[in-house]
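# Examination of the molecular architecture
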Amino acid sequence: MALDAKIPEGEIADKWTNYKDHLALVSPANKRKLEIIVIGTGLAGASAAATLGELGYKVKSFCFQDSARRAHSIAAQGGINAAKNYPSDGDSVYRLFYETVKGGDYRSREANVYRLAELSSNIIDQCVAQGVPFAREYGGLLSNRSFGGTQVQRTFYAAGQTGQQLLLGAYGALERQAALGNVTVYSRHEMHDIVKIDGVARGIIARNLVTGELERYFGHAVLICSGGYGNVFYLSTNAMGSNVTAAWKSHKKGAYFANPCFTQIHPTCIPVTGEHQSKLTLMSESLRNDGRIWVPKNKDDKRKPNDIPEDERDYYLERRYPAFGNLVPRDVASRAAKERCDLGYGVGTTKKAVYLDFKDAIKRYGKTEAHKRSLENPSAETITQLGEDVIREKYGNLFAMYEKITGEDPYHVPMRIYPAVHYTMGGLWVDYELKTTVDGLYSLGEANFSDHGANRLGASALMQGLADGYFVVPYTISAFMATQIRTPAIPTSHPAFEEAEKAVRERIEKLMSIKGTESVESFHKRLGKIMWEKCGMARNDKGLREGIEEIRALRKEFWENVKVPGEIFEMNPELDKAGRVADFLELGELVCLDALERTESCGGHFREESQTSEGEALRKDDEFSYVAAWEYTPEGEVLHKEPLHFDVVKPSQRSYK
């Protein structure tokens with residue numbers, strides 16, 4: 001199957017406008033006859049469901065949480081990018097587009113990225129209108145801060161809880177449409193399969209997680225907005241329930257899976273402390289605005305951080321990347337931290353951590369605040385207190401969270417941080433319209449691959465999710481829905497629904513019948529260890545081949561020895577988890593297979609065999625300038641390639657020095 005990205009003709013700045021100008025539309029009267037299923041209620045899903053409901057479509061919205069507002073988007077901390085140039089520091093739509101393509105190490109599709117940058121300002125206006133309490137400057141304008149990979153301030157934020165505030169805005173819009181009867185929200189429902197009729201996605205099989213019953217739902221189209229697959233690594237910053245099931249079931253029904261090896265390691269997380277942990281906690285990238293990252297210059301230095309004098313500290317990011325310093329992109333910062341720790345300069349009990357220090361920022365802000373208050377000869381204690389107050393206003397909830405978890409006060413002792421799995425740039429392959437290779441099946445937000453290439457710049461996830469839901473798919477889905485106005489609602493008694501439900505039921509019964517001796521959690525933890533060790537921050541041919549074989553053996557053992565307690569027809573979280581881990585065991589092999597195939601280094605994918613003399617990622621544009629789109633077949637995964645063309649931003653060796 002040839003991959004047609006459906007990129008509009010014309011100059012890149014005109015593509016989206018030209019596309020909309022020639023789009024087939026659906027009249028308001030006909031929209032009321034058309035039904036759309038939306039899987040997921042995070043920023044992409046909630047904004048899409050709310051907007052499509054506002055347009056007049058009949059929308060069914062599904063989430064496995066007990067409330068739509070508990071989607072994992074709520075955990076995003078640092079901010080959302082937009083090219084409004086409020087600080088007048090040189091930002092523009094083009095610059096946001098350029099830095100996103102460069103930050104993704106030239107492995108994203110230009111047209112999609114430019115559209116994202118173009119729509120970014122609309123998102124901020126939409127959210128302000130919804131009452132999202134963005135931080136503001138004294139004069140009333142929205143405040144901005146910096147994130148990695150940029151030299152301008154374009155990140156809008158609400159303290160360290162931006163995702164929560166944005167999700168509440170989208171959730172309010174969703175609930176408004178639910179109250180009007182345009183959207184029906186199904187909480188505690190998990191999608192277990194896509195139903196295809198004549199090659200078109202026409203509905204889903206969902207499991208009611210309270211009763212255990214399987215239920216059938218029809219839709220003229222289905223939108224997958226179910227987030228990323230970072231939990232394939234077990235330990236990640238994702239919520240425990242975050243999973244790949246909706247996307248993976250779509251893949252097994254014909255939707256190609258693109259660039260699965262492009263997973264992001266976030267450099268600013270609370271380090272692992274032992275085998276007892278089931279997840280990791282993110283410390284927002286926004287902290288790198290004011291925190292300085294360092295390690296001792298002496299290996300295995302056992303002194304407390306405040307006892308190490310300034311001339312014995314190595315601010316290694318500032319040393320290696322002077323142009324960007326502590327605000328290099330995530331993949332660069334993560335590998336640099338790993339390199340320091342691997343060489344013996346790590347700190348903490350595990351020696352797998354580096355320091356993030358706010359001492360200088362507190363002193364700087366304190367002096368500025370004292371000057372603003374016209375204080376003459378303020379004491380060091382006064383300066384420190386004033387500086388801490390400024391930091392508390394900007395990052396207070398993050399500092400409180402860190403202290404609660406570690407027992408250490410980051411106002412007086414440097415934070416300890418280390419990289420952890422965070423985001424996935426890979427996902428379902430989609431064209432310019434966000435449609436997968438299955439007709440009628442769309443994918444939005446982190447569930448698709450389209451905008452971030454091999455590395456996502458910080459504060460761009462929220463931007464993509466809301467752009468896709470509020471401003472892209474409400475237009476692009478019209479091209480398909482205009483062809484459906486003569487298609488009546490298909491009864492869920494149709495044989496395709498019967499067949500799909502039967503397959504789901506048999507799989508659940510199989511899981512329950514094994515009655516082995518090992519818990520689901522144990523299998524998940526073992527998978528995560530394989531993924532981290534063989535396909536983590538650095539990958540090589542030998543490790544990837546070993547990882548593939550180990551995952552295959554683990555999957556075989558899972559289906560012979562997993563223990564799932566409880567019953568089917570009841571609320572059974574262990575059964576829910578078993579289905580998700582079974583999908584991760586299949587996905588994990590594909591992630592390793594994709595990483596093995598791509599013998600270059602780019603962004604978050606670092607092949608040890610492909611690096612510069614200075615240890616930086618070395619791309620091979622002549623061989624790998626393509627999107628790897630994998631097709632599921634009973635005989636195994638088949639690789640298809642979508643060539644990437646760069647007409648505006650010419651690929652070059654990425655440098656932040």
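Each residue is numbered by its place in its chain's sequence as written, counting from 1. A pLDDT threshold of at least 70 governs which residues receive local features in this predicted model, and a stricter bar of 80 or more applies before side-chain atom pairs are shown or counted, although totals over entire chains, interfaces and linings include all residues. Heavy atoms from the whole structure form the basis of all side-chain values; hydrogens and water molecules are not counted.

## Brief notes about the overall build of the protein chain
Secondary structure assignment for the protein chain yields 17 helices and 21 strands. We compute the radius of gyration from the C-alpha atoms alone; for a globule the expected value is 2.2 Å times N to the 0.38, where N is the number of residues. In summary, the protein chain has a C-alpha radius of gyration of 24 Å against a globular reference of 26 Å for 657 residues, a match within 12%. Reported as C-alpha extents along the three principal axes, the dimensions of the protein chain are approximately 80 × 55 × 50 Å. Throughout, exposure labels follow a simple rule: accessible area from a 1.4 Å probe, protein chains only, divided by the maximum for the residue type, with under 20% read as buried, over 50% as exposed, and the rest as partly exposed. Within the protein chain, the proportion of its 657 residues that are buried is 60%. Residue contacts are defined here by distance: any two heavy atoms, one from each residue, within 4.5 Å place the two residues in contact. Looking at the protein chain alone, contacts between residues at least 24 apart form 74% of all its contacts between residues at least 6 apart. Surface accessibility follows the Shrake-Rupley procedure with a 1.4 Å probe radius. Residue values consider only the protein chains on display as shielding. Surface exposure of the protein chain reaches about 25000 Å², of which carbon and sulfur atoms provide 50%. To qualify as a helix, a DSSP run of H or I must reach at least 4 residues; to qualify as a strand, a run of E must reach at least 2; elements of each kind are numbered from the N terminus.

## Some details on the environment of L327
By secondary structure assignment, the location of L327 is in the loop between α8 (316–320) and α9 (330–342). Residue classification places L327 among the buried positions, given a relative accessible area of 14%. Note: C-alpha distance between L327 and L34 (293 residues apart in sequence) is 47 Å. Filtering out sequence-adjacent residues up to four positions away, L327 remains in contact with S146, F147, G148, G149, T150, R288 and N289.

## Considerations on the sheet that holds strand β7 (residues 200–208)
In this description, strands pair whenever DSSP reports at least two bridges between them. Here we have 3 strands laid out as an open sheet, ordered β6-β7-β8, and antiparallel in their pairing. At either end of the open sheet lies a strand with only one pairing partner, and these are β6 (189–197) and β8 (214–218). Put simply, the sheet's adjacent strands are angled 30° from each other on average, direction ignored. As paired strands, β6 and β7 are joined by 8 bridges and run antiparallel to one another. Looking at β7, one finds that D193 is bridged to I205. To get an axis, a line is fitted to the C-alpha atoms, and for a helix only the part in contact is used. The angle between two axes follows their N-to-C directions and goes from 0 to 180 degrees.

## With respect to helix α11 (residues 380–406)
The α-helix winds at 3.6 residues per turn, so residues separated by three or four positions along the chain end up facing the same way. Multiply 1.5 Å by the residue count of a helix minus one, and that product is the helix's expected span. In a regular helix each residue adds 1.5 Å, so 27 residues correspond to 39 Å; α11 covers only 27 Å between its end C-alpha atoms and thus falls short of that length. Bend, at a single residue, is the angle you get between axes fitted to the 7 residues ending at that residue and the 7 residues starting at it. The axis of α11 is deflected most strongly, by about 90°, at Y395. All buried positions along α11 are accounted for by I383, L386, G387, E388, V390, I391, K394, Y395, G396, L398, F399 and Y402. Contacts made by the buried residues of α11 are with α10 (359–372) and β15 (415–424). Just beyond α11, the residue with positive phi is G407, at close to 80°.

## Regarding the state of the cysteines
Disulfides are defined as pairs of cysteine sulfur atoms found within 2.5 Å of each other. With the rule as written, the count across this model stands at 0 disulfides. The thiol sulfur of C127 is not disulfide-bonded, and the nearest other cysteine sulfur, from C225, lies at 16 Å. With no disulfide of its own, C341 lies closest to C269 among cysteine sulfurs, the gap being 13 Å.

## Examining the layout of surface pockets
Reported here for the second largest pocket is a volume of approximately 780 Å³. With a 1 Å grid laid over protein atoms only, a set of points is called a cavity when a 1.4 Å probe fits there but cannot get out and a pocket when it is open yet has protein on both sides within 12 Å along at least five of seven lines; lining residues have an atom within 4 Å of a point. What lines the second largest pocket is a set of 33 residues, and nearest its centre among them are L235, V272, K529, W532 and E533. Sorting the residues of the lining of the second largest pocket by element identifies α9, β15 and α14 (520–535) as the ones contributing at least two each. If one sorts the elements of the lining of the second largest pocket by residue count, α14 sits on top with 6 residues. Amino acids outside the nonpolar list (Ala, Val, Leu, Ile, Met, Phe, Trp, Tyr, Cys, Pro) and the charged list (Asp, Glu, Lys, Arg) are all regarded as polar, and Gly is one of them. Residues belonging to the lining of the second largest pocket are distributed by class as follows: 15 nonpolar, 8 polar and 10 charged. Grid points are joined across faces, edges and corners, and a volume is the space filled by probe spheres set on the points.

## Examining the packing of aromatic side chains
Between the rings of Phe, Tyr and Trp (Trp by its six-membered ring), a pair exists once the centres lie within 6.5 Å; its type follows the angle of the planes, with under 30 degrees stacked, over 60 edge-to-face, and the other angles tilted. If you walk through the whole model with that rule in mind, you get 27 aromatic pairs. Arranged with centres 4.6 Å apart and planes meeting at 45°, the rings of F399 and Y411 form a pair that is tilted. Of this pair, F399 sits in helix α11 while Y411 sits in the loop between α11 and β15, and the two are 12 residues apart along the sequence. Accessibility expressed as a relative area gives 1% for F399, which makes it buried. To sit over a ring, a charge needs its Lys NZ or Arg CZ within 6 Å of the ring centre and within 35 degrees of the ring normal. The ring of Y411 is capped by R392, whose NZ or CZ atom sits 4.4 Å from the centre of that ring.

## Looking at the pairing of β7
Judged by how many residues are buried, β7 sits mostly within the fold: 9 of 9 residues are covered. Hairpin connection from β6 to β7: 2 residues lie between these consecutive antiparallel strands, with D198 at a positive phi of about 55°. One ladder, built from 5 bridges, connects β7 with β8; its direction is antiparallel. In the sheet register, G203 faces β8, and the bridge partner there is F218. Remark: 5 residues form the turn of the hairpin made by β7 and β8, two consecutive strands paired antiparallel; G212 in that turn has positive phi of roughly 85°.

## Considering the packing of helix α3 (residues 43–55) against helix α12 (residues 461–481)
At their nearest, the axes of α3 and α12 sit 8 Å apart, and the two run at 30° to each other. Taken together, the axes of α3 and α12 are roughly parallel relative to one another. The element α3 and its partner α12 pack so that their crossing is right-handed. From α3, L43, A44, S47, A48, T51, L52 and L55 reach across to α12, where they touch L462, G465, L466, G469, Y470, V473, P474 and I477. The residue inventory of the contact of α3 with α12, partitioned by class, reads 11 nonpolar, 4 polar and no charged. Our angle categories are set so that under 35 degrees counts as roughly parallel, over 145 as roughly antiparallel, 65 to 115 as roughly perpendicular, and the remainder as oblique. Here a crossing is taken to be left-handed if its near helix is turned anticlockwise relative to the far helix by less than a right angle, and right-handed if that turn runs clockwise.

## What about the nonpolar core?
The biggest cluster of nonpolar side chains holds 111 residues, and the ones touching the most others in it are I204 and I224. With 12 residues, the top contributor of residues to this core is helix α16 (residues 573–597). If near-sequence neighbours (up to four positions away) are discounted, I224 is found in contact with I39, M191, I194, A246, A247, S250, L428, L441, Y442, S443, L444 and A447. Residue types Ala, Val, Leu, Ile, Met, Phe, Trp, Tyr and Cys, when buried and joined through side-chain atoms within 4.5 Å, form a set referred to as a nonpolar core. If you look at the next biggest cluster of nonpolar residues, it comprises 74 residues, including L43, V59, L223 and F480.

## Topic: the environment of R107
Positionally, R107 belongs in the loop between α4 (93–103) and α5 (110–129). In protein, a polar contact requires one atom able to donate a hydrogen and another able to accept it; more generally it is a pair of N or O atoms within 3.5 Å, and residues adjacent in sequence count only if both atoms are side-chain atoms. Looking at R107, its side chain comes within polar contact range of the main-chain oxygen of F624, at 3.1 Å.

## A look at the side chain of R288
Checked against the element boundaries, R288 lands in the loop between β11 (263–269) and β12 (292–296). Since its relative accessible area comes to 1%, R288 is described here as buried. Only 2.7 Å separates the side chain of R288 from the backbone oxygen of N326, close enough to count as a polar contact. Reaching out from R288, the side chain makes a polar contact with the backbone oxygen of V328 at a distance of 2.8 Å. Other than its neighbours up to four places away in sequence, R288 contacts P267, T268, I293, N326, L327, V328, P329, R330 and A333.

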